[in-house]
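Analysis of the macromolecular model
Each chain is listed here by its residues.
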Amino acid sequence: MAPVNDVMAWAESFDHLLECKTGQLVFEDFLRTEYSEENLLFWLACEDYKKITSVTEMTVAARRIYAEFVQVDAPRQINIDCVTREEISENISQPGPNCFDRARKLIYGLMENDCYPRFLKSEIYQAHLEQAEKQ
């Protein structure tokens, strides 16, 4: 269970929520109830991807992210426009550090403006807040 200050901070900004490991897990649980956890998982995969410095590792990671989240009929296909999807498809053979930036920003915006406000009103968040306040 996260400390009450952390749980309360999740309501202050979407970034506070994402900066907290427990917050990420609770938000993922919430997204799973909406069948949209792929958004968070994609965003987290992109955050890890940005830290890779080896070209070989970058290529392997980019192909994994592409196969899991971006390509049409991917197991956890994210909801992005066809222009962004096409741009990634063209760059996937020689992916750079910014390969997924546009899609990452789109998904971040979707989560922040759409899912996050519902999360704050959800029973999942309210239960965590109550639990934290009792500690």
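Residues numbered from 1 in each chain as written. Predicted model: local features only at pLDDT ≥ 70, side-chain atom pairs only at ≥ 80, totals over all residues. Heavy atoms only, no water.

The protein chain appears in an unreviewed UniProt entry as Regulator of G-protein signaling 1 from Amphiprion ocellaris.

**Things to note about the pattern of salt bridges**
Which entries qualify depends on this criterion: Here, a salt bridge means any Lys or Arg side-chain nitrogen found within 4 Å of an Asp or Glu carboxyl oxygen. Numbering of helices and strands runs from the N terminus; a helix is a DSSP stretch of H or I covering at least four residues, while a strand is a stretch of E covering at least two. Residue burial is assigned from relative accessible area. The probe radius is 1.4 Å, only protein chains are included, and a residue is buried under 20% of its type maximum, exposed over 50%, and partly exposed in between.
Inspection of every chain in the model, using the stated rule, returns 11 salt bridges. Here Arg32 ties to Asp29 by a salt bridge, and the two come within 3.1 Å at their closest N and O atoms. Here Arg32 pairs with Asp29, and both are found in helix H3 (residues 21–33), just 3 residues apart, close to one helical turn. When its relative accessible area of 37% is taken as the criterion, Arg32 is described as partly exposed. A relative accessible area of 39% means that Asp29 is categorised as partly exposed.

**Some remarks on helix H4 (residues 37–49)**
Selection rule: Each residue after the first adds 1.5 Å to the expected span of a helix. Two residues form a contact once any of their heavy atoms are found within 4.5 Å.
Its 13 residues give H4 an end-to-end C-alpha distance of 18 Å, which sits within 8% of 18 Å, the value for a rise of 1.5 Å per residue. Counting buried positions along H4 yields 12 of 13 residues, so the element is predominantly enclosed. Within H4 the residues assigned to the buried category are Glu37, Glu38, Asn39, Leu40, Leu41, Phe42, Trp43, Leu44, Ala45, Cys46, Glu47 and Tyr49. As for H4, its buried residues are in contact with helix H2 (14–19), H3, helix H5 (55–70) and helix H7 (101–121).

**Describing the nonpolar core**
The condition is simple: Grouping buried Ala, Val, Leu, Ile, Met, Phe, Trp, Tyr and Cys residues that are joined through side-chain atoms within 4.5 Å yields what is termed a nonpolar core.
Counting residues in each nonpolar core, the largest one holds 44 residues, and the members touching the most others are Trp10, Phe27, Phe42, Tyr49, Val70, Phe100 and Phe119. Counting residues per element, the ones that place at least two in this core are helix H1 (4–10), H2, H3, H4, H5, H7 and helix H8 (123–134). Look past the residues within four positions of Tyr49 in its chain and what remains in contact with it is Met58, Ala61, Ala62, Ile65, Pro95, Gly96, Pro97, Cys99 and Phe100.

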